[in-house]
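Observations on the three-dimensional arrangement
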Amino acid sequence: MSGVSEARQQRARMFILGYPFVLISFALVLNFFAFGVQPVEIGLPSTGLLSAFVFSAALLLANHTWLMTATELTRVRFGLHATPEEWEASANAREDVPQVGWQELERHHNAHRNATENTVYFALLAAIFCLVSPPLAACWVWILGFAVGRCGHSWCYLTGRDGLRGLFMSVSLLSLYGLATYLIVAVMMTY
């Protein structure tokens, strides 16, 4: 056994299972009571909505650039390479890289993968969201909230701030659930 009590493992399982439902419920409440979900009305995005989308896209691009640059700087710092050809052409050997170098590279790769996989869902949901004429406040909260959450998550991931990383992850997930629940309810109201 890993040294963690069964009761503690059970509490952790319950938290993990309940966590998405709490965020989804909170997103629904905000959509209904703060933003006012409207039936789908297809139209070109407003200038305000496009502004939120542009600022979010710029933040996400900055986040990607930061993750990419930090990963490459970690490779340089520890003498790591990305491909077998780079290893072969270098004077470095894999076995000479300290364990902390591999751990830091893994941290950067994990942060980058996490950002990428979440951004795929965001792009799909936000693109549809832009076409259904949502309230401007919902646009700014859900669209910009996602980008801010992702930037904060990356910063915390790279600097080892686990507790705060969870908070920023919650912000970005809440934003995804906000987009999704708004769209689902709006479509249901249309029929």
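Since the model is a prediction, treat every value here as computed from it, not as a measurement.

Let's shift gears to the packing of helix H4 (residues 99–129) against helix H6 (residues 162–190). One way to put it is that H4 packs onto H6 with a least axis distance of 10 Å and a crossing angle of 35 degrees. The two elements H4 and H6 meet at a crossing, and its hand is left-handed. Mapping the contact onto sequence places Asn 118, Tyr 121, Phe 122, Leu 125, Ala 126, Ile 128 and Phe 129 in H4 and Leu 173, Leu 176, Leu 179, Ala 180, Tyr 182 and Leu 183 in H6. Among the residues making up the contact of H4 with H6, the classes are represented as 12 nonpolar, 1 polar and no charged.

Among all residues save glycine, negative phi is the norm, and among peptide bonds the norm is trans. Residue Ser 133 is not a glycine yet carries a positive backbone phi of 55 degrees. Positionally, Ser 133 belongs in the loop between H4 and helix H5 (136–159).

For the coordinates displayed, the defined rule picks out 4 salt bridges. Across the pair Asp 162 and Arg 165 runs a salt bridge, and its minimum N-O distance is 3.3 Å. Taken together, the positions of Asp 162 and Arg 165, both in helix H6 and 3 residues apart, correspond to about one turn of that helix. Here Asp 162 falls in the exposed class, since its relative accessible area comes to 52%. Owing to a relative accessible area of 23%, Arg 165 belongs among the partly exposed residues under this scheme.

Attention shifts here to the environment of Ser 5. Within the element layout of this structure, Ser 5 appears in the segment before helix H1 (6–35). Between the alpha carbons of Ser 5 and Ala 89 there is a distance of 50 Å; along the sequence they are 84 residues apart.

Another aspect to go through is the packing of helix H2 (residues 47–78) against H4. Between H2 and H4, whose axes approach to 10 Å, the crossing angle comes to 165 degrees. With respect to H4, the element H2 is oriented roughly antiparallel. Note that H2 runs across H4; the crossing there is left-handed. Split into classes, the residues belonging to the contact of H2 with H4 amount to 15 nonpolar, 10 polar and 2 charged.

Moving on, we come to the packing of aromatic side chains. For the structure on display, the rule yields 7 aromatic pairs. With a centroid separation of 5.7 Å and 35 degrees between ring planes, the pair formed by Phe 15 and Tyr 19 is classed as tilted. Separated by 4 residues within a single helix, Phe 15 and Tyr 19 lie in helix H1, roughly one turn from each other. Residue class for Phe 15 comes out exposed when judged on its relative accessible area of 56%. Ring centres 6.1 Å apart and planes at 20 degrees place the aromatic pair Trp 87 and Trp 102 in the stacked group. Within this pair, whereas Trp 87 is found in helix H3 (residues 84–89), its partner Trp 102 is found in helix H4, the two being separated by 15 residues in sequence. When its relative accessible area of 9% is taken as the criterion, Trp 87 is described as buried. Residue classification places Trp 102 among the partly exposed positions, given a relative accessible area of 27%.

Scoring rules and cut-offs
Each residue is numbered by its place in its chain's sequence as written, counting from 1. Totals for whole chains, interfaces and linings use every residue, but because this is a predicted model, local features are given only for residues with pLDDT of at least 70 and side-chain atom pairs only at 80 or more, for both listing and counting. Hydrogens are left out, water is left out, and the side-chain values use all remaining heavy atoms of the structure. To get an axis, fit a line to the C-alpha atoms, keeping to the stretch in contact for a helix; angles then go from 0 to 180 degrees between the N-to-C directions. Put simply, DSSP H or I for four residues or longer makes a helix, DSSP E for two residues or longer makes a strand, and each gets a number counted from the N terminus. By the definition used in this description, the sense in which the near helix is turned from the far one sets the handedness, with an anticlockwise turn below a right angle giving left-handed and a clockwise turn giving right-handed. Residue contacts are defined here by distance: any two heavy atoms, one from each residue, within 4.5 Å place the two residues in contact. Ten residue types, Ala, Val, Leu, Ile, Met, Phe, Trp, Tyr, Cys and Pro, are classed as nonpolar, four, Asp, Glu, Lys and Arg, as charged, and the remainder, Gly among them, as polar. Throughout this description, the term salt bridge denotes a Lys or Arg side-chain nitrogen within 4 Å of a carboxyl oxygen of Asp or Glu. Relative accessibility thresholds used throughout: buried, under 20% of the residue-type maximum; exposed, over 50%; partly exposed, between the two (1.4 Å probe, protein chains only). When an angle is under 35 degrees it counts as roughly parallel; over 145 it counts as roughly antiparallel; between 65 and 115 it counts as roughly perpendicular; any other value is oblique. In this scheme Phe, Tyr and Trp rings, the latter by its six-membered ring, pair at centre separations within 6.5 Å, and the angle between planes marks the pair as stacked below 30 degrees, edge-to-face above 60, and tilted otherwise.

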